[in-house]
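Coordinate inspection notes
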Amino acid sequence: MRAELTREIVEAARRHLATEGAAGLSLRAVARELGMASSAVYRYFASRDELLTALIVEAYDALGAAAERAESAVARADLRGRWRATCRAAREWALAHPHEYALVYGSPVPGYAAPEATVGPASRVGVLLCRVVADGVAAGTVQARPDGPTAGAVLTPGVAERLGLPEALAPRVVTAWSGLYGAVSFEVFGQTHKVVADHAAYFDAAVERLADLVPLP
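Residues numbered from 1 in each chain as written. Predicted model: local features only at pLDDT ≥ 70, side-chain atom pairs only at ≥ 80, totals over all residues. Heavy atoms only, no water.

The protein chain is annotated in an unreviewed UniProt entry as TetR family transcriptional regulator of Pseudonocardia hierapolitana.

Right, let's get into helix α12 (residues 199–213). Taking 1.5 Å of rise per residue, the 15 residues of α12 would be expected to cover 21 Å, and the 21 Å separating its terminal C-alpha atoms lies within 8% of that figure. All of the buried residues in α12 are Phe203, Val207, Glu208, Leu210 and Ala211. Angular distribution of buried residues about the axis of α12 spans 160°; they occupy a single face of the element. In this structure Asp198 caps α12, since a side-chain oxygen of it lies 3.3 Å from the backbone nitrogen of Ala200. (Helix = DSSP H or I, 4+ residues; strand = E, 2+ residues; numbered from the N terminus. Expected span 1.5 Å × (residues − 1). Buried < 20%, exposed > 50% of the residue type's maximum accessible area, 1.4 Å probe, protein only. Arc of directions from axis to C-beta. Polar contact = N/O pair within 3.5 Å; in protein donor to acceptor, adjacent residues only side chain to side chain.)

For the rest of this paragraph, the subject is the environment of Gly106. Tracing the backbone shows Gly106 in the loop between α6 (98–105) and α7 (119–122). Not counting residues within four places of it along the chain, the set of residues in contact with Gly106 comprises Tyr101 and Phe189. (Contact = heavy atoms within 4.5 Å.)

This next bit is on the nonpolar core. Of all hydrophobic cores here, the largest spans 63 residues; its most connected members are Leu51, Trp83, Val133, Leu180 and Leu216. Examining the composition of this core, we find that nine residues originate from one element, helix α4 (residues 48–72), more than from any other. Residues lining this core come from more than one domain, with at least three contributed by each of domain 1 (1–46) and domain 2 (56–213). For Leu180, the contacting residues outside a window of four places in its chain are Cys87, Val125, Leu129, Phe203 and Leu210. (Core = buried A, V, L, I, M, F, W, Y, C linked by side-chain atoms within 4.5 Å. Domains from an automatic or database assignment.)

With domains assigned, the protein chain is organised as domain 1 (1–46) and domain 2 (56–213). For domain 1 and domain 2, the distance between their C-alpha centres works out to 31 Å. Contacts between domain 1 and domain 2 engage seven residues on the former and six residues on the latter. Across the domain 1 to domain 2 interface the summed buried area is about 560 Å²; carbon plus sulfur atoms make up 63%. Three residues stand out in domain 1 for area buried against domain 2, namely Arg14, Leu17 and Ala22, and they jointly supply 62% of the buried area on that side. At the junction of domain 1 with domain 2, the criterion picks out three salt bridges. For Glu58, the salt bridge identified is with Arg14, shortest N-O distance 2.3 Å. Connecting domain 1 to domain 2 are three residue pairs in polar contact (both at pLDDT 80 or more). In terms of residue class, the side of domain 1 that touches domain 2 is built from five nonpolar, no polar and two charged. (Buried area = accessible area lost by both parts, 1.4 Å probe. Salt bridge = Lys/Arg side-chain N within 4 Å of Asp/Glu carboxyl O. Nonpolar A, V, L, I, M, F, W, Y, C, P; charged D, E, K, R; others polar.)

Okay, the environment of Val188 next. Counting through the fold element by element, Val188 comes out in helix α11 (residues 170–188). In sequence terms Val188 and Tyr112 are 76 residues apart; their C-alpha atoms lie 23 Å from each other. Sequence-distant contacts of Val188, that is, excluding residues within four places in its chain, are made with Ala94, Leu95, Pro98 and Tyr101.

Per the counting criterion, the structure on display carries four aromatic pairs. Between Tyr60 and Tyr105 the ring centres are 5.9 Å apart and the planes differ by 85°, which places this aromatic pair in the edge-to-face class. Linking Tyr60 in helix α4 with Tyr105 in helix α6, this pair joins segments that are 45 residues apart in sequence. Taking relative accessible area as the criterion, Tyr60 reaches 12% and is therefore assigned buried. (Phe/Tyr/Trp six-rings, centres within 6.5 Å; stacked < 30°, edge-to-face > 60°.)

Another aspect to go through is the UniProt feature "domain: HTH tetR-type" (unreviewed entry) in the protein chain. If you check UniProt for "domain: HTH tetR-type" (unreviewed entry), the listed places come out as residues 3–63 in our numbering. Spanning residues 3–63, this segment combines 75% helix with 0% strand, and its end C-alpha atoms are found 22 Å apart. (UniProt positions renumbered as here; feature names shortened; annotations may be inferred.)

Here we come to the layout of surface pockets. Approximately 380 Å³ is the volume attributed to the largest pocket. Around the largest pocket, the lining comprises 14 residues; the ones closest to its centre are Ser123, Gly126, Val127, Leu163 and Trp177. Among the elements of the structure, α7, α8 (124–139), α10 (159–163) and α11 are those that each provide at least two residues to the lining of the largest pocket. The residue makeup of the lining of the largest pocket, split by class, is eleven nonpolar, two polar and one charged. Looking at the second largest pocket, its volume works out to about 190 Å³. (1 Å grid on protein atoms, 1.4 Å probe; cavity = no way out; pocket = protein on both sides within 12 Å on 5 of 7 lines; lining within 4 Å. Points joined across faces, edges and corners; volume = space filled by probe spheres on them.)

Okay, structure coming up:
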């Protein structure tokens, strides 16, 4: 019963995201929709921020799971194919779930500070891209050419090691990762309206350029 009610609260909160946005989310409004006393909802989520965190973790996990499913269907030796599948899955999920995407990649919610519990789920797509590149390094098909800033110069200490990437490659992968979400966000939030005619073709071309940056064979 507790798990069922928790799920109903989360689903109602997700509906409120679509109408009120994350900043307008409140436990009282969710309780009213479900016909519950607000005090009863507080037994499941101690605060608005706790409910918001549950929504954020679910969104990140759903996005990560979609990317992982797509990537796992591609042959391990096809590095660029795995990269494409990961990026396309991220875009497709964002377009299918714009409100959840806006929650995690849109404007920050005033007064909310994401806890440590969100870090792992938020990293799933980035870690997947890093794994593709790391597999290429291990196979000798991706070369760590020192032709730009090293991780030690521009990234937080220890990031390259945690990502399993050479110092020379880690900044390139971080650039590609941010470029991926830049392209997705511009499309989801309408920034490329009347600029890009064929968003799918434009996105696929951008993904290829990001793969070239790494560089993937």
